[in-house]
Protein chains: 4
Amino acid sequence: MTATSSTSPKSPARTVATKRERDPVAAKQALIAAAVAEFASKGFAGARVDEIAAAAGVNKQLVYHYFDSKQGLYLVALESVYAEIREKEQKLTLNELEPLEAMKQLVAFSFDYLAEHPEFIALLADENRSHGANLHESERLQKMHSPFIEMLEATLERGVAAGVFRPDFDAINLYISIAGISYFFFSNNHTLSAIFGKALDARGALLQRRRHVIEFAINALRPDKDVA
Amino acid sequence: MTATSSTSPKSPARTVATKRERDPVAAKQALIAAAVAEFASKGFAGARVDEIAAAAGVNKQLVYHYFDSKQGLYLVALESVYAEIREKEQKLTLNELEPLEAMKQLVAFSFDYLAEHPEFIALLADENRSHGANLHESERLQKMHSPFIEMLEATLERGVAAGVFRPDFDAINLYISIAGISYFFFSNNHTLSAIFGKALDARGALLQRRRHVIEFAINALRPDKDVA
Amino acid sequence: MTATSSTSPKSPARTVATKRERDPVAAKQALIAAAVAEFASKGFAGARVDEIAAAAGVNKQLVYHYFDSKQGLYLVALESVYAEIREKEQKLTLNELEPLEAMKQLVAFSFDYLAEHPEFIALLADENRSHGANLHESERLQKMHSPFIEMLEATLERGVAAGVFRPDFDAINLYISIAGISYFFFSNNHTLSAIFGKALDARGALLQRRRHVIEFAINALRPDKDVA
Amino acid sequence: MTATSSTSPKSPARTVATKRERDPVAAKQALIAAAVAEFASKGFAGARVDEIAAAAGVNKQLVYHYFDSKQGLYLVALESVYAEIREKEQKLTLNELEPLEAMKQLVAFSFDYLAEHPEFIALLADENRSHGANLHESERLQKMHSPFIEMLEATLERGVAAGVFRPDFDAINLYISIAGISYFFFSNNHTLSAIFGKALDARGALLQRRRHVIEFAINALRPDKDVA
DNA sequence: CATGAATGAGCATTCATTCAT
DNA sequence: GATGAATGAATGCTCATTCAT
């Protein structure tokens, strides 16, 4: 990666002293990206600082320079995956859609995001095994409130008002249920495939699951009857 | 746990107690129990053979004597937690209940089991991070077919026939959805608590979730309308 | 090996109580044979008691029962290979041959024995690395005087008297030289093969070496001149 | 040995001495020297990485840093002893001597080198027990062709041409014989001493053997007769 | 900032040996 | 005697982290 190229070792005029041969920001980003990948595939304990540095193409010392410790790097990696999903969530604009369609998009989004970000799931799993210790430590993470839950709440209310959603569900439980039907499929894809003897990571199974998830969630939300 | 059971010192007065109750089966069980706990709380890579042996109250070498390697012990630990849930599943007798009630019990069971067995979730998570590698290796695990899915299928069919369940869902997707709404709540309890700023592991939150889960699932299963 | 067969567990009359289900002598022999092989191929430190017992088809405990320790077994193994060569040496009857022919046979014997007993060389090498520690410990080994050296001495004297051997060599130095030209070829066969890029363990190389060895030794022994 | 050399503390007054002289080359050399000694006296399997590092006065991890594994260190140790003898051999200049004298020097050299380098013998022995496995692996070792054999061949040819050596011996066999009469004396010094009840490692025995070795070899090389 | 060297604590695993049955 | 269980002291090797340049 960030190779040693970058020419000009001793340029006659070192105008900008702050920016030397390497780009600190790029190095940092490379480390975080490598960390996310390594922590996701090996877990915190299984991940190796050496390999993260090597994968990022930087010296191991930089890890300690920038992040103090393996733990520190893990924290930033965690923040980075959270930041990314929050950013994606921001882009959802549902207020103009009618409740049913908006809800479908929310369900679809939570499915699609997980489908494309297995590292998010892996990091979450490790974080939960350690009782969310890092989450509690990070102030930044605390502040990254999810707009998703608010959109969901707004959409839910609109739908209830419009009579297309049943009023029994609170937003948090609904969120967990909607996320859960997608999350479990991805988080446990391998064990489920083994148990059912069916390749649930195949393209077909994925698309089929996506349809089911939306249908299942929407149906659960439907009001009891269209009482006359 | 630490096999302190083992009643009956045989002779009422044993002047010099044998240093250790020589009981291979107990030692093995103690190791497995300790392994389940350690692997669940630290993950495979984070778990320490030393600590497992210490927790089991046996010599570390016995791990290798009985299980060949840390990996071997992990495999048996995994099998043991699977065996336990399969055993519990066997005890469910739903054929005499009417479909709706049977389905409620299935949903409740999948919630209650996870509530009481956080180590099951933790081991599953680690296993999925490694792409179910151990699951694939173990023949015993392959043979531990879940009766749950069959019960679910039978119940689903009965309910569809009786007109109380919609016919659109296949059993596998339904299973994943039902399991998912419970699983995600427990597997991600800590991160969810942090995000929502709400103690989701509190007794009240648990009971409330349980009610929601059943209601959500049952509702999703309801047929489209009671068309006249 | 020494299988569990051996029938008749509870014969009505256990006349000979000393000989039970197994044959202690056979077990001991099997252990020694296995030990010779294992120690020869792995060295003392590299040899594994477990594997020796397994190869002998007996329980590991027997090693300690019969030989006290790994070291004890090694000692007996060493004695056994010495005993074997001494026994073979005993069978040489050279007094009736004329000195030259007798000497040729001595040289040939020392070559042939080594050719057929690589384990002897291997054990000697390990023993010498540890400064012959075991040799010094064993009284039995001390007593196993080699008849070879005496035969050599007698033959040498006869030849000198007959004018066919030069008188300058003492028997011990001669013995070492004769043994050395064969021993080095076998003991260092692999490194020599590597250095010379030639398979010195091939049948042809062996026969050629045998001829050379005899010729070289006999020639060295020839008196200075047939001075008139 | 323990790299205490390293003169020059540069600045005359260094208030706080650096904890350890940071000198990779010295550390490496110290490790190799310690490895040669340890492997020679204990064999590969008996040698302890801990003790090698301790003897070299460096951290154990450096073994793995520089040599990857115990095996890797062993290989380098082996290469180092080979390199040393090759270097010594290079210094022999025999072309100007007459064949007989040159041959005497060759024989004497092969005796003297072994006399002074018991570790060479010990490492060779272990290497041969493992069928020269390491020798085959090392490219560097393959390339360290011995000039000795070529000198021997040249000297032999010159002597044959001059009529002072018999023409029957090929250089390889001759090399093995010459090396063998010295090697065996040293390699098996302890067992020979035990068998003969004579301290063959004593100064006197050594000198006497040296004389014998030269005489024996030269005599073996003499042509059949000074035929008139 | 960058780099290789160095450290120390720890980790899975091995092994000769002993114990209990 | 025979067997599996058990032990404790290692043993080769790893890893996060720090140092020196």
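In this text the structure is predicted, and so the values were computed from the model without any measurement.

Here the focus is the overall build of chain A. The helix and strand inventory of chain A stands at 12 helices and 0 strands. Listing the helices and strands of chain A from first to last along the sequence gives α-α-α-α-α-α-α-α-α-α-α-α. The proportion of buried residues among the 228 residues of chain A is 50%. Considering only intrachain contacts with a sequence separation of at least 6, the fraction spanning at least 24 residues in chain A is 68%.

All right, on to the relation of the copies chain D and chain C then. Relating the two copies of this chain is a rotation about some axis coupled with a shift parallel to it. For the pair chain D and chain C, the relating rotation is 180 degrees, the translation along its axis is 0.0 Å, and the fit reaches an RMSD of 0.1 Å. On the angle and the small slide along the axis, the relation comes out as a two-fold axis. By C-alpha distance to the rotation axis, the residue of chain D lying nearest is Ala220(D), at 1.8 Å. An overlap of 100% is found between the interface residues of chain D and their copies at the interface of chain C, pointing to a shared contact surface.

Here, UniProt's "DNA-binding region" (unreviewed entry) annotation points to residues 48-67 of chain A. Here residues 48-67 of chain A runs as 80% helix and 0% strand, with 15 Å between its end C-alpha atoms.

Measuring from the backbone nitrogen of Gln61(C) back to the side-chain oxygen at the start of helix 3 (residues 60-67) of chain C gives 2.8 Å, which picks out Asn59(C) as the cap. Taken from the residues just after helix 3 of chain C, Asp68(C) is the one with a positive phi, measuring 75 degrees.

Glancing now at the packing of helix 5 (residues 99-116) of chain B against helix 10 (residues 171-187) of chain B. The axes of two packed helices give the description: the angle between them and the distance between them. Residues and elements named next belong to chain B. One can describe the packing of helix 5 onto helix 10 by two numbers: an axis separation of 9 Å at closest approach and a directional angle of 35 degrees. The element helix 5 and its partner helix 10 pack so that their crossing is right-handed. Residue-level inspection shows Met103, Val107, Ser110, Phe111, Leu114 and Ala115 of helix 5 in contact with helix 10, the latter providing Leu174, Ile178, Ala179, Ser182, Tyr183, Phe185 and Phe186. Grouping the constituent residues of the contact of helix 5 with helix 10 by class yields 11 nonpolar, 2 polar and no charged.

Let's shift gears to the packing of aromatic side chains. Residue and element names in this part refer to chain B. As enumerated under the stated definition, the model contains 62 aromatic pairs over all chains in all. With 4.9 Å between their ring centres and 55 degrees between their planes, phenylalanine 111 and phenylalanine 186 make a pair best called tilted. Of this pair, phenylalanine 111 sits in helix 5 while phenylalanine 186 sits in helix 10, placing them 75 residues apart in sequence. Looking at phenylalanine 111, the relative accessible area reads 2%, which means it is buried.

Right, let's get into the interface of chain A and chain B. Contact residues are listed per partner, giving 62 residues for chain A and 61 residues for chain B. Taking both sides of the interface into account, the surface hidden between chain A and chain B amounts to around 5,100 Å²; carbon and sulfur atoms contribute 61%. With a shortest N-O distance of 3.3 Å, Arg166(A) and Glu215(B) are connected by a salt bridge. Joining chain A to chain B, the criterion identifies 32 residue pairs in polar contact (both at pLDDT 80 or more). Counting residues per element, the ones that place at least two in the side of chain A that touches chain B are helix 1 (24-46), helix 4 (70-90), helix 6 (118-129), helix 7 (133-137), helix 10 (171-187), helix 11 (189-196) and helix 12 (203-221) of chain A.

Residues and elements named next belong to chain A. Taking 1.5 Å per residue as the helical rise, helix 1 with its 23 residues ought to reach 33 Å, whereas the 27 Å between its terminal C-alpha atoms falls clearly short. The sharpest bend along helix 1 reaches about 80 degrees and sits at alanine 40. Three or more residues of helix 1 are buried, namely Ala27, Ala30, Leu31, Ile32, Ala34, Ala35, Val36, Glu38, Phe39, Ala40, Gly43 and Gly46.

Take the relation of the copies chain A and chain B next. Mapping chain A onto chain B leaves a residual RMSD of 0.1 Å; the transformation is a rotation of 180 degrees accompanied by 0.0 Å of translation along its axis. Both copies share a contact surface, since 98% of the interface residues of chain A are interface residues in chain B too.

Attention now moves to the interface of chain D and chain C. Contacts between the two partners involve 61 residues from chain D, matched on the other side by 62 residues from chain C. Summed over both sides, the interface of chain D with chain C buries roughly 5,100 Å², with 60% coming from carbon and sulfur. At the boundary of chain D with chain C, the tally comes to 3 salt bridges. On inspection of chain D and its partner chain C, the count reaches 33 residue pairs in polar contact (both at pLDDT 80 or more). Those elements giving two or more residues to the side of chain D that touches chain C turn out to be helix 1 (24-46), helix 4 (70-90), helix 6 (118-129), helix 7 (133-137), helix 10 (171-187), helix 11 (189-196) and helix 12 (203-221) of chain D.

Bringing the protein's contact with DNA strand F into the picture now. Surrounding DNA strand F, one finds 32 residues, the nearest of these being Arg48(A), Lys60(A), Tyr66(B), Asn59(C) and Lys60(D). For DNA strand F, the fraction of protein-proximal atoms (within 4 Å) that sit in sugar or phosphate groups is 63%. Tyr66(B) has a polar side-chain atom sitting 2.5 Å from a phosphate oxygen of DNA strand F. Contact between DNA strand F and Val49(D): a phosphate oxygen at 3.3 Å from a main-chain N or O atom of the residue. Elements supplying a minimum of two residues to the surface near DNA strand F: helix 3 (60-67) of chain A, helix 3 (60-67) of chain B, helix 3 of chain C together with helix 3 (61-67) of chain D. The element best represented in the surface near DNA strand F is helix 3 of chain B, accounting for 5 residues. Residues belonging to the surface near DNA strand F are distributed by class as follows: 10 nonpolar, 10 polar and 12 charged.

Let's shift gears to the protein's contact with DNA strand E. Near DNA strand E, the surroundings consist of 33 residues, among which Asn59(A), Lys60(B), Arg48(C), Lys60(C) and Tyr66(D) are the closest. Restricting the count to atoms of DNA strand E within 4 Å of the protein gives a sugar and phosphate share of 63%. Within the contact set of DNA strand E, a phosphate oxygen lies 3.0 Å away from a side-chain nitrogen or oxygen of Tyr64(B). Residue assignment for the surface near DNA strand E shows that the elements contributing at least two residues are helix 3 of chain A, helix 3 of chain B, helix 3 of chain C together with helix 3 of chain D.

Attention now goes to the environment of Gly132(B). On the secondary structure map, Gly132(B) appears in the loop between helix 6 (118-129) and helix 7 (133-137). Classification of Gly132(B) as buried rests on a relative accessible area of 0%. Apart from the residues lying within four places of it in its own chain, the contact partners of Gly132(B) are His190(A) and Glu127(B).

Another aspect to go through is the pattern of salt bridges. The full count for this structure, using the stated rule, is 45 salt bridges over all chains. A salt bridge links Glu79(A) to Arg140(A), with the nearest nitrogen and oxygen atoms 2.8 Å apart. Taken as a pair, Glu79(A) in helix 4 and Arg140(A) in helix 8 (residues 139-143) lie far apart in primary sequence, 61 residues in all. Of the charged contacts in the structure, one is a salt bridge between Asp112(D) and Arg210(D), with a shortest N-O distance of 2.6 Å.

For Ile176(D), the position within the fold is in helix 10. Given a relative accessible area of 1%, Ile176(D) falls into the buried group. Distance from Ile176(D) to Ile149(D), taken between C-alpha atoms, is 9.8 Å for residues 27 residues apart in sequence. The contact partners of Ile176(D), leaving out residues within four places of it in the chain, are Phe184(C), Phe185(C), Leu192(C), Phe196(C), Leu200(C) and Arg209(C).

Attention shifts here to unusual backbone geometry. Look at His131(B): it is not a glycine, yet its phi comes out positive at around 60 degrees. Judged by its relative accessible area of 52%, His131(B) is exposed.

Looking now at the side chain of Asn128(C). Secondary-structure assignment places Asn128(C) in helix 6 (residues 118-129). Contacts of Asn128(C), omitting those with residues within four sequence positions, involve Ser187(D), Asn188(D), Asn189(D), His190(D) and Thr191(D).

For Glu79(A), a relative accessible area of 6% gives the class buried. Once you skip the residues sitting within four places of it in the chain, Glu79(A) turns out to touch Ser138(A), Arg140(A), Leu141(A) and Met144(A).

With that settled, consider the confidence of the model for chain A. The predicted model of chain A has a mean per-residue pLDDT of 88, with 89% of residues at 70 or higher. Low confidence marks residues 1-21 of chain A, where pLDDT is under 50. Its contacts with residues over four positions away, or in another chain, come to 13 contacts.

With that out of the way, let us pick up the environment of Arg166(C). Following the sequence through the fold, Arg166(C) ends up in the loop between helix 9 (147-162) and helix 10 (171-187). Here the alpha-carbon distance between Arg166(C) and Leu221(C), two residues 55 residues apart in the chain, equals 5.6 Å. Excluding its chain neighbours within four sequence positions, the residues that come into contact with Arg166(C) are Val160(C), Ala220(C), Leu221(C), Arg222(C), Pro223(C), Asp224(C), Glu215(D), Asn219(D) and Arg222(D). At a separation of 2.7 Å, a polar atom in the side chain of Arg166(C) contacts the side chain of Asn219(D).

Criteria and thresholds
- Residues numbered from 1 in each chain as written.
- Chains lettered and ligands numbered in written order.
- Predicted model: local features only at pLDDT ≥ 70, side-chain atom pairs only at ≥ 80, totals over all residues.
- Heavy atoms only, no water.
- Helix = DSSP H or I, 4+ residues; strand = E, 2+ residues; numbered from the N terminus.
- Buried < 20%, exposed > 50% of the residue type's maximum accessible area, 1.4 Å probe, protein only.
- Contact = heavy atoms within 4.5 Å.
- Least-squares fit on C-alpha atoms with pLDDT ≥ 70 in both.
- UniProt positions renumbered as here; feature names shortened; annotations may be inferred.
- Polar contact = N/O pair within 3.5 Å; in protein donor to acceptor, adjacent residues only side chain to side chain.
- Axes fitted to C-alpha atoms, helices over the stretch in contact; angles between N-to-C directions.
- Left-handed = near helix turned anticlockwise from the far one by under 90°.
- Nonpolar A, V, L, I, M, F, W, Y, C, P; charged D, E, K, R; others polar.
- Phe/Tyr/Trp six-rings, centres within 6.5 Å; stacked < 30°, edge-to-face > 60°.
- Buried area = accessible area lost by both parts, 1.4 Å probe.
- Salt bridge = Lys/Arg side-chain N within 4 Å of Asp/Glu carboxyl O.
- Expected span 1.5 Å × (residues − 1).
- Bend = angle between axes of the 7 residues up to and from the residue.
- Near = heavy atom within 4 Å.
- pLDDT = per-residue confidence, 0-100.

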